[in-house]
Every structure is written in C-alpha cells, then in structure tokens.
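The lines below spell out each chain.
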Amino acid sequence: MRGNRSARDTRTYFLFVLPSILLFIFAIGYPFVSGINIAFTDWDGISKTYNYVGFKNFAKVFSDSSIIKPIRNTLVFAVGYTTLNNVLALTLAVFLMKKMVGKNLVKTIFFIPMALSQVLAAFVWSFIDKQIISELLGTRSLLGNPKTVILGIIIIALWNQVGSNLMIYIAGLTNISSEYYEAAKIDGAGEWQTFRYVMVPLLGPSFTMCIVLTLTTALREFGTVMAATGGGPAKASETISIFIYQNLYSYQKAGYGQAVAIVFMVILVAVGTGLNRFFRNREVETQ
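Residues numbered from 1 in each chain as written. Predicted model: local features only at pLDDT ≥ 70, side-chain atom pairs only at ≥ 80, totals over all residues. Heavy atoms only, no water.

S.K.: Which parts of the structure should I look at to understand the layout of surface pockets?
M.R.: If a probe as big as a water molecule is rolled over the atoms, it shows which places are left empty. Roughly 590 Å³ of volume is contained in the largest pocket. What lines the largest pocket is a set of 23 residues, among which I244, L248, Y249, Q258 and A261 lie closest to the centre. Here the residues of the lining of the largest pocket are counted per class, giving 18 nonpolar, four polar and one charged. The calculated volume of the second largest pocket comes to roughly 360 Å³. (1 Å grid on protein atoms, 1.4 Å probe; cavity = no way out; pocket = protein on both sides within 12 Å on 5 of 7 lines; lining within 4 Å. Points joined across faces, edges and corners; volume = space filled by probe spheres on them. Nonpolar A, V, L, I, M, F, W, Y, C, P; charged D, E, K, R; others polar.)

As structure tokens, then:
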C-alpha cells in the first residue's frame, strides 16, 4: 500500500512539474541547441537552406574590427553603471538606516521605478532629456551626443534599477547585530570608522550578490539601449547585445550573429563565475 501510494504521489508531482519542463524545453532548450547549430552555418536568417562553414564564424569573431566599438561601449557602460549603482545604493542604504522622518516614503520613491519596464523607462527619460532638460539648460541632449550618450543611458538604468540593490544593502545592514555597533562605539569609532571596519566587512554577501548581478546584467544590456537610442548616434551606444541583434535580424548574418552570441555567453559565464568566487573568498576572510 505504501509503495503504491509513493508511486502515485511521484506521478502526481511529475504531472505538476511537466508543464514547466515542456515550457523550458520549448522556450529555452530547443532554441539554445538550434542556435549552436546555426553558429556553424552561413544562414542569413531568411532562407530555408544554409551551408555548414565549420568554425569560420567563430574565427571571424576574433578578427572582426567592427566588433571593437561595441565591446568598448559595453565595458564602459558596465563598469560605469555597476560602480555608480552600488555606490549610490550603499550610500542611500546607510543613510536610510538612520532614524529619520519619512524613511519609508524615501524607500518607496526609489523602489517604484523598478515596477516600470526598461523600455518604458527609456521612453520616459528620452522625452525628459530631449524636451525638458535640454530646453531648460539650452544644451544638447545627452542621448543625442556621441560623447555623452553612454552617460545618458547609465542615468536611465540607475533610475530604473538602483532600487534593487538598495533593498539588498538595507537587508544586509539590518542583519548586522547591534553588538558590533555598540562595540565600535565603546572603542571610540566614528561614523566613517564604523562604516569602514564594521559595515563593509559584514556586508560581504550583499556585495557578492549586488556586484556580480549588476555587472553581468550590465554586460548584456539590451532593452534600455535599444529603446533609448537603438545603438546610436553613429553607433556610439551600440553594445554587444545590440551588435548581435543587428547581425541576426538586420544584416542577415544569422550564423555569424549566433557565433558572437555563443562566445559572449561563454565570457559572461566566466566573468560571473570568477567574480562570484572572488567575492565569496573575501567573505570567508572577513569572518
């Protein structure tokens, strides 16, 4: 009886999980395997037939001069956005941990933009930048100037996503025992010393999560850039993700675009794994 019941329960659990498994195979598994196959072909994304070209597309990735600018743009955006996001989020988190009137309102103000999609946030800020800020200051639009377009996109992304890291840092600060603060106060530590020698070391897990996720997300940025500038002006904001998209759908180089995507995926996995291991080791050292 127990054996039959156990088998029946197992089948029941499997039936509940089956739709998710099928959806994963249909939406992720099959396209991923098909993409690997396409990377070894000269498919243009339209024709019903294609020819296998071996590793030609992968070799081109490392010799194509047109990919240098998207790589540079991606790195500038990723490093700038990750740095500013975490510095701003941590600063606000420390500030909001203090007793103050309207603290919950401030948290809500910074968290609300996360409810908006990247596309909507980009449209809103594009309008503000071009129709309000530029008119009031009499300056050129940040998004319309090749020299400042990356900065403009970083501002949009910060407004849209800083609330996520803010909540993580607040949670991390909340979990620090008050005994550490009391001991620091007894030793005569000021606010900066308390922050440097108490908060920062004990926020190791929060740093790991925020920095790794923010950087890997920034490296594959697509939605904000596509909606705000489409990679322009003059490809000044074209990221690797935009470059892959253009090759897949605009330049009719699906095989090459897919090869770039696979190489980029491997690099992302390596960067994410390396950073995660680095910060995890730092957590061990501070304990």
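The discussion continues.
S.K.: Sorry, what's going on with the environment of M114 here?
M.R.: For M114, the position within the fold is in the loop between α4 (103-111) and α5 (118-137). For the pair formed by M114 and Q161, sequence separation is 47 residues and the distance between their alpha carbons is 5.7 Å. Not counting the four nearest positions on each side in its chain, M114 is found in contact with N160, Q161, G163 and S164. (Helix = DSSP H or I, 4+ residues; strand = E, 2+ residues; numbered from the N terminus. Contact = heavy atoms within 4.5 Å.)

S.K.: Looking at this structure, how should I read the packing of aromatic side chains?
M.R.: Two measures describe an aromatic ring pair: the distance that separates the ring centres and the angle between the ring planes. Following the criterion strictly, the structure yields 13 aromatic pairs and no others. Geometrically, the ring pair formed by F222 and Y245 is tilted, given 5.5 Å between the ring centres and 55 degrees between the ring planes. With F222 in the loop between α9 (204-219) and α10 (223-228) and Y245 in helix α11 (residues 240-250), the pair connects residues that are 23 residues apart, well separated along the chain. The class for Y245 is partly exposed, based on a relative accessible area of 29%. If you follow K60 out to its NZ or CZ, it ends over the ring of Y256, 4.5 Å from the centre. The lysine or arginine in question, R196, covers the ring of Y197, its NZ or CZ lying 5.1 Å from the ring centre. (Phe/Tyr/Trp six-rings, centres within 6.5 Å; stacked < 30°, edge-to-face > 60°. Buried < 20%, exposed > 50% of the residue type's maximum accessible area, 1.4 Å probe, protein only. Lys NZ or Arg CZ within 6 Å of the ring centre and 35° of its normal.)

S.K.: I would appreciate a short explanation of the side chain of T216 in the present structure.
M.R.: Relative to the elements of secondary structure, T216 occurs in helix α9. For T216, a relative accessible area of 14% translates into the label buried. A distance of 2.8 Å separates a polar side-chain atom of T216 from the backbone oxygen of V212. Apart from the residues within four sequence positions on either side, T216 is in contact with L268 and G272. (Polar contact = N/O pair within 3.5 Å; in protein donor to acceptor, adjacent residues only side chain to side chain.)

S.K.: Just checking my understanding: could you explain the side chain of T194 for this structure?
M.R.: Its location among the elements puts T194 in helix α8 (residues 191-202). At 2.8 Å, the side chain of T194 forms a polar contact with the backbone oxygen of G190. Apart from the residues within four sequence positions on either side, T194 is in contact with Y181, A184, A189 and M199.

S.K.: It is not clear to me how α5 should be interpreted in this structure. Could you clarify?
M.R.: In an α-helix, one turn spans 3.6 residues; hence positions three or four apart end up facing the same way. Of all bends in α5, the biggest is about 35 degrees, found at D129. Among all positions of α5, only A121, A122, W125, S126, D129 and S134 are buried. Directly beyond the C-terminal end of α5, a positive phi value near 65 degrees is found at G138. (Bend = angle between axes of the 7 residues up to and from the residue.)

S.K.: Hey, could you run me through the pattern of salt bridges in this one?
M.R.: Charged atoms that come close allow side chains of opposite charge to pair. Overall, the coordinates contain one salt bridge when judged by the stated rule. A salt bridge links E191 to K98; its shortest N-O distance comes to 3.7 Å. Placement of E191 in helix α8 and of K98 in the loop between α3 (68-96) and α4 is noted, with a sequence separation of 93 residues between them. Under the relative-accessibility criterion, E191 is labelled exposed at 65%. (Salt bridge = Lys/Arg side-chain N within 4 Å of Asp/Glu carboxyl O.)

S.K.: Explanation requested: helix α6 (residues 149-174) in the structure shown.
M.R.: Look at α6: 37 Å from first C-alpha to last across 26 residues, which is about the 38 Å you get at 1.5 Å a residue. Along α6, the sharpest kink reaches roughly 50 degrees, centred on Q161. (Expected span 1.5 Å × (residues − 1).)

S.K.: Help me understand the packing of α3 against α9 in this model?
M.R.: Relative orientation and spacing of two packed helices are given, respectively, by the angle between their axes and the distance between those axes. Direction vectors running N to C along α3 and α9 enclose 150 degrees, while the axes themselves pass 8 Å from each other. In terms of their interaxial angle, α3 and α9 are classed as roughly antiparallel. With respect to the hand of their crossing, α3 and α9 are arranged in right-handed fashion. Of the residues in α9, those in contact with T74, L75, F77, A78, Y81, T82, N85, N86 and L90 of α3 are F207, C210, I211, T214, L215, A218 and L219. (Axes fitted to C-alpha atoms, helices over the stretch in contact; angles between N-to-C directions. Parallel < 35°, antiparallel > 145°, perpendicular 65-115°, else oblique. Left-handed = near helix turned anticlockwise from the far one by under 90°.)

Note that every value here comes from positions in space, so none of it alone points to a role or purpose.
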